[in-house]
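Results of the structural survey
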Amino acid sequence: MRIAITDAREGMKVARDVFSKDGRVLLKAGSLLTESSIRYLKKQGVIAIEIEDRLLSGRKPVRPNSDPVWQEIISEAEHTVRDIWNSVSQGRGIHISRIERIVDSIIQELLQREITYPKLVDIRALDDYTFTHSVNVCVLSLIMGIAKGYSEDELFELGIGSLLHDLGKIIIPPEILGKADTLSAEEMEIVRKHPAYGFSLLVQESEININSSLIAYQHHERYDGSGYPRGLKGDEIHEYAQIVAIVDVYDALTTDRIYRNRIQPYEAVEMLIAMSGRGFNPDYVKLFLKNVEIYPVGSIVELNNGSLGIITGVDKNMPVRPQILLLKWEGERLVPTGDEVDLMKEVTLFITRVIKLDKELLEKVLGNS
Ligand SMILES: [Fe+2]
């Protein structure tokens, strides 16, 4: 069982070797944890470890977005982005080893479990948008990179570049970035400089691979040449930047912003499909739709006819038209009505709202039905 280092206790048995970032074994599998070894692992920046737990073996994997280890990694990633922002805006450099450690943790978690759920942080303060958005873009890009069969080195380059893709925004005046009204042409011109600013900040850091820096430079380029800053076309755009372009738009559309409310995931998907072959590489749009869960099984949703339901199955080729078991209120509890709808067949119905992800209720209703 994988646990956060903050939950590690004396006497627990380590199930897998614990490594440092540079590949040294910090603690061997089979060791019993002591107060001092826990302190040592924390000091070395270890975030999570695998421990033996016979009682819990055979237990189903926990959903990533309610899993404490994953939550801890995500919140550490957000803090890291925030600290890098502060550090760079004060003229200090980027703390590379910290960012490498967090990207490595995200990659290891994604490789070990099947995490495909996009919305990592559901309730976000508008102030935190840049940080949570950066982390979401990083995780979604890595899900695509894994699906594409990238090596760990490639995932690492993609992870670092996607986490820092908008770093250039620190040079844009906050009153322009936070403006609720439409930007003037001059203001737009200034915002459009953030890819080049980001590139020049990243390229100064010798430890950051040029491919990662290119993500910052090219994530607003578009497949058909309609993007900025250089109007690159097709494969002139680095494939990492082509991936990040898609997830950047998807995450931005499905999040509340100062100047507009979020749109529903299915509407965002329709926009991606509409932009496929124009703004985005069609192969990557397909890859996104096949590998990122738009509506995870277990999501409680509201339909356009007002009924509530829980998603019980999703066809990967049509991720926005899942199968749903209808629910009704019985006192304070949601219970199945006994009716099912398949949105592939009921073409007039669509999801208007995702209320929450509730795996417990899913197990209960599937057990009862
Ligand atoms: Fe951007």
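What you are looking at is a predicted structure, and each value in this text was computed from that prediction instead of being measured.

Notes on the coordination of the iron ion
Within the protein, Asp166 (OD), His194 (NE2), His219 (NE2) and His220 (NE2) serve as the donor atoms for the iron ion, at 2.2 to 2.3 Å. Around the iron ion, the four donor atoms are arranged such that angles at the metal cover 84 to 168°; this shape is classified as irregular. As a motif over one chain, the donors of the iron ion read D-x27-H-x24-H-H. Of this pair, histidine 194 sits in helix α8 (residues 194–203) while histidine 220 is found in the loop between α9 (210–218) and α10 (239–253), placing the two residues 26 residues apart along the sequence.

Description of the sheet that holds strand β9 (residues 351–357)
Read from one edge to the other, the open sheet built from five strands follows the order β8-β7-β6-β5-β9, with strand pairing classed as antiparallel. Either end of the sheet is taken by a strand with one partner, and the two such strands are β8 (333–342) and β9. Along the sheet, successive strands turn relative to each other by an average axial angle of 35°, direction set aside. In the sheet, strand β6 (residues 308–313) pairs with strand β7 (residues 323–330) via five bridges, with the strands oriented antiparallel. What sits directly across from leucine 308, in β7, is leucine 327.

A word on the environment of arginine 321
Relative to the elements of secondary structure, arginine 321 occurs in the loop between β6 and β7. On the accessibility criterion, arginine 321 (13% relative accessible area) is buried. Beyond its immediate sequence surroundings of up to four residues, arginine 321 is in contact with Asp342, Leu343, Met344, Glu346, Val347, Leu349 and Phe350.

Some remarks on the side chain of glutamate 157
Summarising the element assignment, glutamate 157 is placed in helix α5 (residues 152–163). With no salt bridge to any partner, buried glutamate 157 finds its closest opposite charge in lysine 148, at an N-O distance of 12 Å. In this structure the side chain of glutamate 157 is engaged in a polar contact, spanning 2.7 Å, whose partner is the side chain of tyrosine 240. With residues up to four places along the chain from it excluded, the contact list for glutamate 157 reads Asn209, Asn211, Ser212, Ile215 and Tyr240.

Looking at the domain arrangement of the protein
Here the domain parsing of the protein yields domain 1 (2–50), domain 2 (64–291) and domain 3 (299–368). Computed over C-alpha atoms only, the centres of domain 2 and domain 3 are separated by 31 Å. Contact residues are listed per partner, giving eight residues for domain 2 and 10 residues for domain 3. Area buried by domain 2 at its contact with domain 3 is led by Gln264, Tyr266 and Lys290, which between them contribute 59% of it. Our count for the domain 2 to domain 3 interface comes out at zero salt bridges. Applying the counting rule to domain 2 against domain 3 returns one residue pair in polar contact (both at pLDDT 80 or more).

Looking at the pattern of salt bridges
Enumeration according to the criterion identifies eight salt bridges in this entry. For arginine 98, the salt bridge goes to glutamate 76, with nearest N and O atoms at 3.5 Å. With arginine 98 in helix α3 (residues 96–112) and glutamate 76 in helix α2 (residues 68–89), this residue pair connects regions lying 22 residues apart in the sequence. Accessibility expressed as a relative area gives 25% for glutamate 76, which makes it partly exposed. Between arginine 333 and glutamate 330 there is a salt bridge, with its nearest N and O atoms 3.6 Å apart. Overlapping salt bridges bring together Glu76, Asp83 and Arg98 as one network.

Scoring rules and cut-offs
In every chain, residue numbers begin from 1 and rise along the written sequence. Local features in this predicted model are restricted to residues whose pLDDT is 70 or higher, and side-chain atom pairs enter the listing and the counts only when it is 80 or higher, whereas totals over whole chains, interfaces and linings include all residues. To obtain the side-chain values, all non-hydrogen atoms of the structure were used and water was disregarded. Any N, O or S atom lying within 2.8 Å of the metal counts as a donor, with the limit raised to 3.2 Å for Na, K and Ca; because water is left out of the atom set, some sites can appear incomplete. All geometry calls rest on donor angles, where a four-donor set with angles between 85 and 135 degrees is tetrahedral, four- and six-donor sets with opposite donors more than 155 degrees apart and all others between 65 and 115 are square planar and octahedral, and all else is irregular. Here a strand is any run of E in DSSP of at least two residues, a helix any run of H or I of at least four, and the numbering for each starts at the N terminus. Between any two strands, pairing holds if DSSP finds at least two bridges. An axis is simply a line fitted to the C-alpha atoms; with a helix, the fit covers only the stretch in contact. Between two such axes, the angle follows the N-to-C directions and lies from 0 to 180 degrees. Summary of the burial criterion: residues with accessible area below 20% of their type's maximum are buried, those above 50% are exposed, and those between are partly exposed, where the area comes from a 1.4 Å probe applied to protein chains only. Residue contacts are counted whenever heavy atoms from the two residues lie within 4.5 Å of one another. Charged residues are defined here as Lys and Arg on the positive side and Asp and Glu on the negative side; His and the ends of the chain fall outside this count. Here a salt bridge means any side-chain nitrogen of Lys or Arg lying within 4 Å of a carboxyl oxygen belonging to Asp or Glu. Two N or O atoms count as a polar contact when they lie within 3.5 Å, although within protein this holds only if one can serve as hydrogen donor and the other as acceptor, and sequence-adjacent residues are included solely when both atoms are side-chain atoms. Where each domain begins and ends follows an automated or database-derived domain assignment. Buried area counts how much accessible surface, traced with a 1.4 Å probe, disappears from two parts once they are put together, with both parts' losses summed.

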